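Analysis of the macromolecular model
What follows is the residue order along each chain.
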Amino acid sequence: MSLRFKFNLILILTGVIGILISAIISFNLQRDNARKEALETAAILLESVIAVRNYTVEEIRPLISDSSKEIFLPQTVPAYAAAKYIANLQKSHPDYHYKEAALNPTNPNNRASDWETDIINYFKTHDDLSFVGERDTPTGRSLYLSKPIRITNGKCLTCHSTPEAAPKAMLAKYGSANGFGWKLNEVIGTQVVSVPLSFAHIRADKEFLLFMGTIVGVFFTIGVMLNILLNIFVIKPVTTMAVHVDKVSMGTLDLAPIEIKGKDEISSLGRSFNRMQTSLDSAVKMLDETLDD
């Protein structure tokens, strides 16, 4: 087994181990960053929805007389405004979703599904301000960010305490069976924003492949350069000395000394061999002279 083979075997083994470790660390970091990016997107989207709701409450509702119960405009309902905002957003981003899910909603379309019910029940028993999770959807893995809907404004109970207190127009549109019996400070639902993880994962995978391709390319370049340097500074000098030593071992002592350049360990070995050859040649000549006498 040649020195070059041993060197390259060690280089390949250490390189493969290093590349595998780098791949594992890089992949996990890229996926973690992809999740953080999706979570930031969800947070911005949720803040935007909350801003739309606040605008509806502060700017739209005051335009409608509080004393009028003959006219019900869905546009004055914060949840309706938020849903319309998301519907417009979904025209260009169909995989982004928002829902104000409730256990007992006025609008049946807002009734919580099984997994949304679990989130609402979680907020009922915990004081957390938000909850983050992942779930599988028909279009791929999705990350969701949710916040509790808690009745903190007593004015909300005007429409949701009893059917008798609600606007007649609202009863005519949604009926009197749902959306009543809410209580102050009660968690009645959750705001849920869902964003796809697939896009972030695709981008992360591309960055991962680019990074790993760069690592492999750098490793290959280093391996080639090390082999060239190994050949120049180790293999070639050692091969030259090996041929020279072989000739000396066969009795050829009148060879020119090995040409030595440099001051490294290989050069020191060559100089030591030249001295040994000179000493051996001198000893043989002295022995021959003694025998002739």
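Everything below is about the structure printed above this text.
I will try to describe carefully the structure that is included in this document. (Residues numbered from 1 in each chain as written. Predicted model: local features only at pLDDT ≥ 70, side-chain atom pairs only at ≥ 80, totals over all residues. Heavy atoms only, no water.)

**Quick word on the overall build of the protein chain**
- Within the protein chain, the secondary structure is distributed over seven helices and four strands.
- Computed over its C-alpha atoms, the radius of gyration of the protein chain comes to 40 Å, more than 25% above the 19 Å expected for a compact globule of 293 residues.
- Projected onto its principal axes, the C-alpha positions of the protein chain cover 140 × 35 × 30 Å.
- The buried share among the 293 residues of the protein chain stands at 28%.
- Accessible surface, the protein chain: about 18700 Å² in total, of which carbon and sulfur atoms supply 62%.
- Side-chain charges in the protein chain split into 30 positive and 31 negative, and the spacing between the mean points of these groups amounts to 10 Å. (Helix = DSSP H or I, 4+ residues; strand = E, 2+ residues; numbered from the N terminus. Rg over C-alpha atoms; globule rule 2.2 N^0.38 Å. Buried < 20%, exposed > 50% of the residue type's maximum accessible area, 1.4 Å probe, protein only. Areas by Shrake-Rupley, 256 points an atom, 1.4 Å probe, with all protein chains shown as cover. Lys, Arg positive; Asp, Glu negative; His and termini not counted. Charge placed at Lys NZ, Arg CZ, Asp CG, Glu CD.)

**Some thoughts on the environment of Y96**
- Along the chain, Y96 falls in the loop between α2 (78–89) and β1 (97–102).
- Residue class for Y96 comes out buried when judged on its relative accessible area of 17%.
- Residues Y96 and T290, spaced 194 residues apart in sequence, show a C-alpha to C-alpha distance of 102 Å.
- Non-local contacts of Y96, meaning those with residues more than four positions away in its chain, are made with T41, L45, I86, Q90, S194, V195 and P196. (Contact = heavy atoms within 4.5 Å.)

**Overview of the packing of helix α1 (residues 3–60) against α2**
- The contact between α1 and α2 brings their axes to 8 Å, and the two run at 135 degrees. Judged by the angle between their axes, α1 and α2 are oblique. Judged by the sense of rotation from one axis to the other, the crossing of α1 with α2 is right-handed. In this structure, α1 contributes L45, S48, V49, V52, R53, T56 and V57 to the contact, and α2 contributes P78, A79, A81, A82, Y85, I86 and L89.
- Counted by class, the contact of α1 with α2 contains eleven nonpolar, two polar and one charged residues. (Axes fitted to C-alpha atoms, helices over the stretch in contact; angles between N-to-C directions. Parallel < 35°, antiparallel > 145°, perpendicular 65-115°, else oblique. Left-handed = near helix turned anticlockwise from the far one by under 90°. Nonpolar A, V, L, I, M, F, W, Y, C, P; charged D, E, K, R; others polar.)

**Notes on helix α6 (residues 198–249)**
- Taking 1.5 Å per residue, 52 residues should reach 76 Å; α6 reaches 71 Å between its end C-alpha atoms and fits that length.
- Maximum bend of α6: about 45 degrees, positioned at N231.
- For α6, every residue scored as buried is listed here: A200, H201, A204, F208, M212, G223, N227, L230, I235, M241, H244 and V248.
- Just beyond α6, the residue with positive phi is G251, at close to 105 degrees. (Expected span 1.5 Å × (residues − 1). Bend = angle between axes of the 7 residues up to and from the residue.)

**With respect to the packing of α1 against α6**
- Packing of α1 against α6 brings their axes to within 9 Å, and their N-to-C directions diverge by 160 degrees. When the axis of α1 is compared with that of α6, the two are roughly antiparallel. By crossing handedness, the relation of α1 to α6 is classed as right-handed.
- In the contact of α1 with α6, the residues fall into 20 nonpolar, nine polar and six charged.

Any functional reading would require information beyond the geometric quantities listed.
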